[in-house]
Amino acid sequence: MAEVTATRVRFRDVKPYDAPASLDELRGPYDGLIDLPHSVRWQADRLGLDVSNLGWRRMAYQALLAEGTASEQGRLMNRDRLIETWPMLNMDPRVRELWEGRFPRLRVAV
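Asks: I'd love a proper account of helix α5 (residues 93–102), names of residues and values included.
Replies: Every buried residue belonging to α5 is among V95, W99 and E100, and all of these are buried. Along the axis of α5, the buried positions cluster into a sector of 115°, meaning they face one direction only. Facing away from the buried surface of α5 by more than 90 degrees, the exposed residues are P93, E97 and G101. Two or three places before R94, at the start of α5, stands the capping residue D92, its side-chain oxygen 2.8 Å from that residue's backbone nitrogen.

Here it is in C-alpha cells:
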C-alpha cells in the first residue's frame, strides 16, 4: 500500500488577519477601561479591562491583533501604547509579519 504524505494545514496558517492602514488609526484610550467585543474574546474577563495595567493590556492587544477587525483595533488600541507594548506581545508569526510588514516602526521597537 502506498503511503500518503500530507502536509498539515492549520487554521492559523490560512486564517485572515486584519490591520488598519495606518498606526494613526489606533485611537483607543492610552489609560482606562475597555470592553472587548465577544467576537474578539469569549471569556467573561473581556469587560472592564484596564489598559493602564500591562498584563491586561497585553491580553487585550494580543486578542485584538489575532481576532479583531481593523475597525475594532482602531477604536480600542492606542498607537503609543501599542508601540510601547509591541516587544512584549506574544502572537502568531503571521500576525507579527503582517503588522511589522505594514508598520516597520514596530520592527524597530523589538
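Back to the write-up after that little detour.
Asks: Mind laying out the side chain of R46, listing which residues take part and the relevant values?
Replies: Summarising the element assignment, R46 is placed in the loop between β1 (33–34) and β2 (49–50). Buried within the structure, R46 lacks any salt-bridge partner; its nearest side chain of opposite charge belongs to D35, at an N-O separation of 7.0 Å. Of note is the side chain of R46, whose polar atom sits 2.7 Å from the backbone oxygen of L36. The contact partners of R46, leaving out residues within four places of it in the chain, are I34, D35, L36, P37, H38 and R41.

Asks: Give me the pattern of salt bridges: which residues, what numbers.
Replies: One pass over the structure, following the stated rule, counts seven salt bridges. Residue E84 is joined to R81 by a salt bridge in which the shortest nitrogen-to-oxygen separation is 3.2 Å. Placement of both E84 and R81 in helix α4 (residues 79–85) is noted, with a separation of three residues, approximately one turn of the helix.

Asks: With reference to specific residues and values, describe the packing of aromatic side chains.
Replies: Overall, the coordinates contain two aromatic pairs when judged by the stated rule. Summarising the aromatic geometry, the rings of W86 and W99 are spaced 6.4 Å apart at their centres and angled 35° between planes, so their arrangement reads as tilted. Taken together, the residues W86 in the loop between α4 and α5 and W99 in helix α5 connect sequence positions 13 residues apart. By the burial criterion, W86 is buried, and W99 matches it. Both rings, one in W99 and one in F103, keep their centres 5.5 Å apart while their planes meet at 55°; by these two values the pair is tilted. Across the pair, F103 and W99 agree in class, each one buried. Put simply, the rings of W86, W99 and F103 pair up and form one aromatic cluster. Sitting above the plane of the Y30 ring, R81 keeps its charged end 3.9 Å from the centroid.

Asks: So, the nonpolar core: which residues are in play, and what are the values?
Replies: In this structure, L36, Y61, L65, L82, W86 and W99 are the most contacted members of the largest nonpolar core, which totals 26 residues. A per-element tally of this core places helix α2 (residues 54–67) first, with six residues. If sequence neighbours within four positions are ignored, Y61 has contacts with P29, V51, L76, M77, N78, R81, L82 and L89.

Asks: Just give me the short version of the side chain of R81, but keep the residues and values in it.
Replies: Overall, R81 belongs to the buried group, its relative accessible area being 9%. What R81 contacts, discounting residues up to four positions off in sequence, is Y30, D31, V51, S52, R57 and Y61.

Rules used in this analysis
- Residues numbered from 1 in each chain as written.
- Predicted model: local features only at pLDDT ≥ 70, side-chain atom pairs only at ≥ 80, totals over all residues.
- Heavy atoms only, no water.
- Buried < 20%, exposed > 50% of the residue type's maximum accessible area, 1.4 Å probe, protein only.
- Helix = DSSP H or I, 4+ residues; strand = E, 2+ residues; numbered from the N terminus.
- Arc of directions from axis to C-beta.
- Polar contact = N/O pair within 3.5 Å; in protein donor to acceptor, adjacent residues only side chain to side chain.
- Lys, Arg positive; Asp, Glu negative; His and termini not counted.
- Salt bridge = Lys/Arg side-chain N within 4 Å of Asp/Glu carboxyl O.
- Contact = heavy atoms within 4.5 Å.
- Phe/Tyr/Trp six-rings, centres within 6.5 Å; stacked < 30°, edge-to-face > 60°.
- Lys NZ or Arg CZ within 6 Å of the ring centre and 35° of its normal.
- Core = buried A, V, L, I, M, F, W, Y, C linked by side-chain atoms within 4.5 Å.

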